[in-house]
Structure formats: structure tokens, C-alpha cells
Amino acid sequence: MITTHTNADFDGLASLICAGKLYPSAIKCLSGSVCSNVKAFLERYPQGILKSHSVKLETIERLILVDTREKHRIGKFGQIADKIPLHIYDHHPSQQDDLSGEKEEIREEGATITILLQDLRKKDISITKEEATLFALGIYEDTGSLLFPTTRHSDIDCLSWLLKHGADLSIVSEYLEHRLTKPHLLLLSDLLKSSKLHKIRGIDVVFASVTTKEYIEDLASVVHQLMDIERYKVLFCFIKTKECIHIIARSRAEEIGVGSILSDFGGGGHPQAGSATVKNGDLTRIKKIVLANLKIGERNLSFLIEKRLPKWMREIISISSRLCTETRVYLVGGFVRDLILNRENLDLDLVVTGDGIEFAKKVSSFLPNSCITSHHRFGTAQITLENKGKIDIAGARKEAYTKPGALPEVSPASLKSDLMRRDFTINTLAVSINHQDFGRLINFYGGTTDIQNRIVRILHPKSFLDDPTRIFRAVRFSSRFSFALDAETEKRARDITKEGLKHISYERLRNELILILSDEYPENALNRLADLGALGFIWGGLRLQKNIFSKIHEELFHIALFLPQIETWILWFLALISKLNKDETTEVVKRLRFCSRVRKKVLEAKSSSSEILKFLQRKKVKNSTVYKRLINLSDETLIFILAKTKSLLVKKRIHLFFATLRKEKVYLTGDDLISMGLKPGPKFRAVLNELLCQHLDGRIKTKEDELRFIQKLLRYANG
Ligand code: ATP
């Protein structure tokens, strides 16, 4: 089965037909609707393509995807795309959730049809004039008539070949010309009226927006016309309908790529053309975000500092700025990354050219109730603030690794080399907070481009060898921000995991692991680590148990009401090592040097789970017995047992324990017992415990019942 993306354009259709020639026994099928000009073309030149509703998914043996590799853009075929053999032909830039195929022809040509035509020509397969015309339409449309900067020599070469084979340019121009309907014309006029000009890095960027009652088909062609009529350099159209806001953008300016800007809204595309659909969004806010993202390229982030940071942080920045008369001070690292991504980050990271510790002392003296910890060996200091926020301050320094994996040697050097020793390009950005150039973005290593293109990339090929924990960090950032690992970075990570570990600090590995396990859905990153072969750093041959993560999510959802004070990351750690036996677990917790509290919880869960399970499955057990058995176990162990078992009886008993048994209290106090004539001593606790058990088993309910019970006990003891 061959298919292409929904809302198929000419490149999609051309690629579909061309793939049909490469795979003659395959069936051609649309995955959904087509653009209006493609529809008009198909009405006149039917191509024998099926519609997806007439296809049974179970009958498909292999899927050939053209002009897309996004699961959510291929209609119902998305349900099977990662389950059956897949061949992919696509020219779009890669994204995090891209499907992968057993055969992939993915190159950034101007059009996907160019990729397929190269194969077709190699195999010397002939084409008709009609096919040549359709294939030419694909190239013309996707390269903006060869004017988009993404146009490659190969596109032009293929086009020339198509002309030789009879492509009819009058038909091409007829269908490329987007015919506008009346609603299109009205929309066009409204968009024109609403146009607002913004200057971004000296380039005219136009925002146009309208609200319409109904969805208008083929909005893209209206935007295309608007771009042509006004010769705009960059255009963003915001079209608000009842359900959502459509953003369609075009750019002729090489400096401004629109696809990556829209990927923040779950959309995407090319530098020249992009789109996104936002459900339930607020138009004004969306425009503001787009504008802010455009401005990031402006290289001065003072507006982001002003708009995105809380007041207390701005004050600290302003104090630091005032203090740096002789030194220069920069915001750096993950803090700048998160400022750009608009994610909260309460850990300010500063680099000072000069003595970091001295500078930290000066800053701290202006911050009431702050305390400072210095690391003289590294020339760094950390200020902890009254509100638990943190400021990390380092003197600009250069490090040479004496031997791989060891702690770095420190010697003062420039900001550039300080940034060079960092892990990924996205963490190498700096923002000056010196009064001379406040807000200036310093981007030595292409960090902003990688943030915009959502890529995690190491700075040099030996990065993972210097510090293998960076593999864990790479996976954490990639999964937390939905960024892709750059291909070379991924290859280097695999090289290291294949070689096996020689130098690693297990303490740092543990810290990174805890950060991964502290995410809401840690299984994404753990699966990625498994895929890279990096779980072996924790324990050789460690494999993930398939369903345990979803079961834990389910149990956490059910017990959310009882709100036990749990450390969720420990639960995920238990899930991670659920295939290890007791001895292996003991070794792992030792190796990772967990503190005794964590060690105790992990070992307890491992050693007592099966025994407790057996106990809870017994038919007749009194509530008080359940209570006594469970009260000393950690909540993590209990939730882990819940996730491991299918037994409804066990689940019911643990839920009962969380919801009622462990909340049960007795009315009488120690003082009451004394006034009743009992002598204080070890028996006191036993008596109170017995009272509690009587409550749990429903034998006594009120304070009067308790009094009667004690009196009986006393009579029995005395008599
Ligand atoms: P998070 O939001 O997880 O705190 P972060 O990027 O701020 O992200 P930190 O662990 O606080 O991460 O590190 C601060 C900065 O120090 C990073 O942005 C990075 O530049 C640098 N860094 C941290 N760990 C490493 C490492 N293993 N190798 C190189 N640089 C690192």
C-alpha cells in the first residue's frame, strides 16, 4: 500500500503516483482529503487511487509512505505504520516523533518527487506525458516555482528531464494558479485590512488575522495569493474559527525560517512555509508568542528578561549587573535555554570573568537571608536564597580533562572556552547582563538554531567519552523538550555504549538518573536509553519490563485521592530494575551509592513484595492483621505491589489500607488510661494497639465502647 499525507498537495500526489511505478504491485491510496487544486486536477485526470475508507488495515503487508513520515498525518494508516514493514520517501526536515522505516530515502531536496524520480531514472522506467506533467507540478509547487532557497540542483535536473519527457507547462501553470472562491476572496480582503507590520532584524514581517464562522478549505492558497499580491517578505496569517486557530506562514527571507517557529504550537514545515493548528488558543497570546520567538533571533534578550522572569529574579540580575564594574557577568547555560523556551527555571546560572567566589560574596551581601557555599577547587559558588531559588556563580574557566571521566582541572580563561566545556549546543548560550550591552545574546556554538530546530547536539566528537553521563543528559533533554538527538550525536552515544564503560562516576550517573526518573513520564527517556544501549551503565544486560510503567501510572491515578507522601522517582526506579533479582538489586543500589533511606525502600520492595502478595491473597484475613502487616512498609512498596498484581482482592485490601485502615484512631489517650487506673509502662502501647485493632475489625466504634473494653480488660487482669 502506498500513501501520502492528508490534505495532499501536488508533491504528495506526484510522489504517490511515481511510487506506484517503482512498486507496481502496490495499491495507491489517499490517507484523507486533498488540497482543492489537487482535487480539481484529479477530477479531470483521475489516477485510479483508492480512498482510505475502502481499505481494510489488516490486509496491508507493507506501507510505502511518500512526502511525510509523521504518524499523525496519514489518517488511519497511522494505526499500523509502526507495526508493519515501512518504506519512506520524504524531503522534510527530521522531527522527534518521525516514523522510521526498513527502507528510507530521506533527503532535503526541494520536493519528494525529486527523490523518487532519481530512483525511477536509475531503473530506466518510462513515463507518460501526463505523468511528466503531474511530477513537474509537484516540483513547481514545493519549490515555489524553483524560487525557494530549499530548491536543489537535483530538482532542476529532474524538471529538465520531465520537460524532455513531455511535461505540459500550460497545465502546470493552470493548476498552480490557485483559483479563489468567493469565501476565499472575502477572507483575502479581511486579511489585507488587518495586516500589521513588524520589523524583525530589519526585515518586514507582516501579521494578518481574521475570525471566521466556518472553516474555509484550502486556506494556504489564500495566504499564497496575499504573499504574491503584496510581495511580503514574511507573512503570518492567523485564522480563528469556532474550534481553533490556524496559523499559516510564508517566508522569502533567508534569515527568518517560519516552520521551526510554528513547531512550538505542534505544527511545523520548512523555513519557507509552515503551518500549525491550535485548539482553544487565545489569539492575542499566540501572536505575542510568535513575535517573541521571532525576536529571539534579534540577539538581544532584554525583552525576555523583562517579560518572562519573576520580579525577584530581575532584581538579582540587576544587582549583579550593578556589581560588575571591573568584571563582566553573563547569564549562561540551561537558564538561557529555558528563558528562550519559556520554561520556568529557578536556578540562575552566572559566569563572571574573574574570581567567581569573590563576586558571589558581593552578590550575597545584598540578598537578605541568603547563604553561600564555595568550591575553591573549581572557583565556583552557590547562593541559596530565602525562597529556595539558587544562583550558581562560576569564574570563566577552561578545563582540560586529564584523563577521560575524571574531574576537570581548572584554570581561568575566557567566556568562550567556559561555554565550550558544556554538554550540548542548546546549553552554550550566554546573555550579557553588563550595563554596556545588557541583554546581548552570545551564541558561539549555534545554540539558538538548535533550539529552534529542536535538536540536542554535542559540541565535539569526544564529548561522551569525556563524560558518559552526558548520554543520560542528552536523553533527558530530548525527552523533556521533545527535541531530537542529532544523528552524529546519536552515533557517538552508540559508539560509547557499544565499547562499554571504562570511566564513569556512578554518583553523577545516579544524579542524572534521578532527574530522569523525576519526570512525569520517565519511560520515554528510559526506552530511549535502552535503545541507545545505555541502560548497561546501570547494570549490564538490564532490560525494561514492558507493561510495568503503564500499570504504575494507572495505580498512581487511582490512589491520587489518598495522597500518600511518596517519592515517585523511587517507584520508577523499582520499575526500571523490576527484572533484576535480589542480589543484583543489592549490587545496583550499592553501586549507585543511594542514601540509606532510598536503599532501604528499594530493598524492602524487592525482598518483601512476593511474600506480602501471598499474604494479601489469603481468603480470610482480619483488617487488623492487614494493618499490622502493611503499616511498616513504605508507600512505594505498596504501590509497586498494586502495579504487579492482577488480584482484585489484593488491590482492594491495599486501597482499604490507604483509604481507611491507616487513618483509624482511638479516642482514649494515655492520660485516660492512667485515670482509669492503668500503670504507665510498655503495656500501655500494647493496650492502645489492641484498642486500634478492635476498631479496625469493627468490634468497637465509640469512646464508650473503648471505655467498656478497658474496664473489661482491667476486671479480667484483676480477677
Ligand atoms: P536542568 O533544568 O535540568 O537543571 P540545566 O541545563 O540547568 O538543566 P544543570 O545540571 O543544572 O542543567 O547544569 C547547568 C549547566 O551546566 C548546563 O546547562 C550545562 O551547560 C552545564 N553542565 C551540566 N552538566 C554537564 C556535563 N555533564 N557536561 C558538561 N556541561 C554540563
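None of these values were measured; they are calculated from a predicted model.

(A) A look at the pairing of strand β10 (residues 244-251). For β10, a buried count of eight out of eight residues is recorded, marking the element as mostly surrounded by other parts of the structure. Here β10 shows two buried faces, one formed by Cys244, His246, Ile248 and Arg250 and the other by Ile245, Ile247, Ala249 and Ser251. Summarising the sheet, strand β9 (residues 234-240) and β10 pair through seven bridges and their orientation is antiparallel. Pairing of Ile239 across the sheet is with His246, part of β10. Linkage of β9 to β10, two consecutive antiparallel strands, is achieved through a turn of three residues. When β10 meets strand β12 (residues 273-279), the two strands line up antiparallel, connected through seven bridges. Along β12, the bridge assignment pairs His246 with Thr277.

(B) Up close: empty space enclosed by the protein. Evaluation of the coordinates by the stated rule reveals two cavities of 30 Å³ or more. Taken as a whole, the second largest cavity encloses approximately 40 Å³ of empty space. Lining the second largest cavity are Pro149, Ser251, Arg252, Ala253, Glu254, Ile256, Pro271 and Gln272. For the lining of the second largest cavity, a count of residues per class yields four nonpolar, two polar and two charged.

(C) Geometry of the nonpolar core. Grouped together as the largest cluster of nonpolar side chains are 113 residues, with contacts concentrated most on Leu331, Ile391, Ile538, Phe573 and Leu576. Residue contributions to this core peak at eight residues, all from helix α23 (residues 568-576). Both domains that furnish three or more residues to this core are identified here as domain 3 (310-453) and domain 4 (545-618 + 629-651). Those residues in contact with Leu331 that lie beyond four places of it in its chain are Ile305, Ile317, Val336, Leu348, Asp349, Leu350, Leu429, Ala430, Val431 and Ile433.

(D) Here's a closer look at helix α1 (residues 10-22). Here α1 contains 13 residues, and its C-alpha end-to-end distance of 18 Å stays within 8% of the 18 Å for a straight helix at 1.5 Å per residue. Residues of α1 that are buried include every one of Phe10, Asp11, Gly12, Leu13, Ala14, Ser15, Leu16, Ile17, Cys18, Ala19, Gly20 and Leu22, and no others.

(E) Spatial organisation of the site of the ligand. The full set close to the ligand counts 15 residues, and Gly334, Arg337, Asp467, Arg470 and Arg476 are the nearest of them. Side-chain polar atom of Asp467 to a nitrogen atom of the ligand: 2.8 Å apart, as the coordinates give it. One of the side-chain nitrogen or oxygen atoms of Arg476 is found 2.6 Å away from an oxygen atom of the ligand. Here the ligand, which alone exposes 580 Å², has 76% of that area covered by the protein. Among the elements that line the shell around the ligand, the one with the most residues is helix α18 (residues 469-481), at five residues. Partitioned by chemical class, the residues of the shell around the ligand number one nonpolar, three polar and eleven charged.

(F) Geometry of the sheet that holds strand β4 (residues 63-66). Reading across from one edge, β1-β4-β5-β6 is the order of the four strands in this open sheet, with parallel pairing throughout. Each edge of the open sheet carries a strand with a single partner, namely β1 (2-4) and β6 (103-106). Each strand of the sheet is rotated relative to its neighbour by a mean of 15°, with strand direction disregarded. Across four bridges, the pairing between strand β5 (residues 86-90) and β6 is parallel. Paired with Tyr89 across the bridge in β6 is Glu105.

(G) Structural view of the packing of aromatic side chains. Tallied over the entire structure, the rule returns 19 aromatic pairs. The interplanar angle of 70° and the centroid separation of 6.5 Å between the aromatic rings of Phe10 and Tyr175 together place this pair among those described as edge-to-face. Separated by 165 residues along the polypeptide, Phe10 in helix α1 and Tyr175 in helix α6 (residues 169-176) bring together distant segments of the chain. Relative accessible area serves as the criterion here: at 0%, Phe10 is assigned to the buried category. Where Phe549 meets Trp572, the ring centres are 5.8 Å apart and the plane angle is 15°; that geometry is what we call stacked. You can see Phe549 sitting in helix α22 (residues 548-559) and its partner Trp572 sitting in helix α23, a full 23 residues away along the chain. Note on Phe549: relative accessible area 4%, which makes it buried. For Trp572, a relative accessible area of 2% gives the class buried. Ring-pair connections join several aromatic residues into one group, and the members of that group are Phe10, Phe41, Tyr45 and Tyr175. Of note, Lys287 hangs over the ring of Phe238, and the distance from its end group to the ring centre comes to 6.0 Å.

Analysis parameters
Residues numbered from 1 in each chain as written. Predicted model: local features only at pLDDT ≥ 70, side-chain atom pairs only at ≥ 80, totals over all residues. Heavy atoms only, no water. Buried < 20%, exposed > 50% of the residue type's maximum accessible area, 1.4 Å probe, protein only. Helix = DSSP H or I, 4+ residues; strand = E, 2+ residues; numbered from the N terminus. Pairing = 2+ DSSP bridges. 1 Å grid on protein atoms, 1.4 Å probe; cavity = no way out; pocket = protein on both sides within 12 Å on 5 of 7 lines; lining within 4 Å. Points joined across faces, edges and corners; volume = space filled by probe spheres on them. Nonpolar A, V, L, I, M, F, W, Y, C, P; charged D, E, K, R; others polar. Core = buried A, V, L, I, M, F, W, Y, C linked by side-chain atoms within 4.5 Å. Domains from an automatic or database assignment. Contact = heavy atoms within 4.5 Å. Expected span 1.5 Å × (residues − 1). Near = heavy atom within 4 Å. Polar contact = N/O pair within 3.5 Å; in protein donor to acceptor, adjacent residues only side chain to side chain. Areas by Shrake-Rupley, 256 points an atom, 1.4 Å probe, with all protein chains shown as cover. Axes fitted to C-alpha atoms, helices over the stretch in contact; angles between N-to-C directions. Phe/Tyr/Trp six-rings, centres within 6.5 Å; stacked < 30°, edge-to-face > 60°. Lys NZ or Arg CZ within 6 Å of the ring centre and 35° of its normal.

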